[in-house]
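Working through the structure, step by step
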Amino acid sequence: MPQASLLQSSNSGGLPQLRGETTDLLTTSVPASPPKTSPPLPSKPRRHRGVATLADVAREAGVSVMAASVVLNGAKSATRTSAETRARVVAAAERLHYRANATARALANGRANAIGIVASHWKEDANLYFMEILGGIIESATPSRQTVSVFMLQGWEEAQQRIPEICDGRVDGLILVAPRLGIDVSGWMPRQVPVTSLHSENAIDGVVNLEPDEEAGSFEAVSQMLAIGHRRILHIGGPAGLLGAQRRLAGYRRAHEAARLQPPDDHVVHSSLNADGGREAVLDWLQRHHGEKIPEAVFCANDAIALGCIQALAMKGLRVPEDVSVVGFDDIWFARASSLATVRQPLHAMGRRATEVLMEQIQARREGGQWQGPANIILPTEFVHRATLKSPR
């Protein structure tokens, strides 16, 4: 409608008529009215950086967001959705290159497709024992498309608080590596997910444990050392209260008993489970026994202690194995790389088997049953004779 007519019409309620120049002036100064438009349509769901959302798929397929979620996140109720609806949702997801949210899918079908590993944080040497086990876990979990999450504790005293937090739906099961927990964990250990342990300090109710036959491995190693002529064998053990250290010391003593020998009391000393501990233990022993006969061989509670032992002997001008033989325990990569004689506990295989047992437990629980295997699984050890062990001069 022309502006002059608009003004005349608007003044029909008794206002004076505007004519002539005044009318022209007002006509040119009044802005044109915007054209009438329809109400704006609802905006499409926003996409973050071009990534399709579940709402995008629902809109594309012409269904509710809940229906799209049921189909795409694999909920059990998806079987009650019609085939035609499922086909539309799947086709829409493919057109939009939609990727389901892993957390939403886990909540929908009760499966996180993830396992957790809980271990205590190491404060000194790199924990090669843990790394060997971790390699076995990953090797076993990968073909099953399982995510592996590692949760480190400052110490096992944190377990009572942290483990229940971890079992909040983010993992289907847990593997505890060398846990040091109390016997009674019934008040706080989660029951909604299965738990497997490796090298547990004690039996834990409801937790399947895997461990090597440490006493047998120690017995075999020391028996071999005695068989080739060694008689003065110094044992650098782990911490006195540690179960694994006690078992390795028991094998050392049993080998002497089998050979009808009695090692001197001062040929057993204790150390922390690292190279520094081994080095300090040997240097201290040599200082306390200055001027006496040195041991013909040293049997160490683990390979890290053996490394420290070799360093200490070198500092004193003693050669390995010409002057003193050295044997470790574990067979970590350092032992293999340096040709250290040692006891091989199957760390990699332990990690693989622990994962297999955990997955079997998870599957049994999903089927409404219980895993029927043993509560404690013992794996064999093997003595590996390498360059650091030879007959005494």
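Bear in mind that the values here come from a model prediction, so they are computed numbers and not experimental data.

1. Side note on the overall build of the protein
Across its full length, the protein holds 14 helices and twelve strands. For the protein, long-range pairs separated by at least 24 residues make up 69% of all intrachain contacts whose partners lie at least 6 apart in sequence. Put simply, the protein shows about 21300 Å² of open surface, and 53% of that area lies on carbon and sulfur atoms.

2. A closer look at the pattern of salt bridges
When the charged atoms of two side chains with opposite charge come close together, those side chains can pair. All told, the structure shown has 22 salt bridges when counted by the stated rule. Of the charged contacts, one joins E84 and R88 as a salt bridge, the two residues approaching to 2.5 Å between their closest N and O atoms. Here E84 pairs with R88, and both are found in helix 5 (residues 83–95), just four residues apart, close to one helical turn. Here R353 makes a salt bridge to E360, at a shortest N to O gap of 3.7 Å. Classification of R353 by relative accessible area gives partly exposed; the value is 28%. The exposure class of E360 is partly exposed, given its relative accessible area of 35%.

3. Digging into the packing of aromatic side chains
The relation between two aromatic rings is expressed through the spacing of the ring centres and the mutual angle of the planes. This model, assessed by the stated rule, comprises zero aromatic pairs. We note R248 situated over the ring of F329; from NZ or CZ to the ring centre the distance is 3.9 Å. One cation-aromatic arrangement involves R254 over F219; the distance from NZ or CZ to the ring centre is 4.0 Å.

4. A closer look at the packing of helix 7 (residues 128–141) against helix 14 (residues 347–366)
Interaxial distance between helix 7 and helix 14 falls to 7 Å at its minimum, and their mutual angle equals 45 degrees. In terms of axis orientation, helix 7 runs oblique to helix 14. Here helix 7 runs over helix 14; the crossing is right-handed. On helix 14, the residues that touch Y129, E132, I133, G135, G136, I137, E139, S140 and A141 of helix 7 are L347, H348, G351, R352, T355 and E356.

5. What about helix 10 (residues 243–258)?
With 16 residues, helix 10 extends 22 Å between its outermost C-alpha atoms, agreeing within 8% with the 22 Å of an ideal straight helix rising 1.5 Å per residue. Of the residues making up helix 10, those classed as buried are G244, A245, R248, L249, G251, Y252, A255 and H256. Take helix 10 and look down its axis: the buried residues cluster within an arc of 150 degrees, on one side only. Facing away from the buried surface of helix 10 by more than 90 degrees, the exposed residues are E257 and A258. Packing partners of the buried residues in helix 10 comprise helix 9 (214–227), strand 6 (233–237), strand 7 (268–270) and strand 8 (297–300). Immediately downstream of helix 10, the backbone of R260 shows phi near 60 degrees, a positive value.

Cut-offs used in this document
- Residues numbered from 1 in each chain as written.
- Predicted model: local features only at pLDDT ≥ 70, side-chain atom pairs only at ≥ 80, totals over all residues.
- Heavy atoms only, no water.
- Helix = DSSP H or I, 4+ residues; strand = E, 2+ residues; numbered from the N terminus.
- Contact = heavy atoms within 4.5 Å.
- Areas by Shrake-Rupley, 256 points an atom, 1.4 Å probe, with all protein chains shown as cover.
- Salt bridge = Lys/Arg side-chain N within 4 Å of Asp/Glu carboxyl O.
- Buried < 20%, exposed > 50% of the residue type's maximum accessible area, 1.4 Å probe, protein only.
- Phe/Tyr/Trp six-rings, centres within 6.5 Å; stacked < 30°, edge-to-face > 60°.
- Lys NZ or Arg CZ within 6 Å of the ring centre and 35° of its normal.
- Axes fitted to C-alpha atoms, helices over the stretch in contact; angles between N-to-C directions.
- Parallel < 35°, antiparallel > 145°, perpendicular 65-115°, else oblique.
- Left-handed = near helix turned anticlockwise from the far one by under 90°.
- Expected span 1.5 Å × (residues − 1).
- Arc of directions from axis to C-beta.

By themselves, these observations are geometric and do not establish any function.
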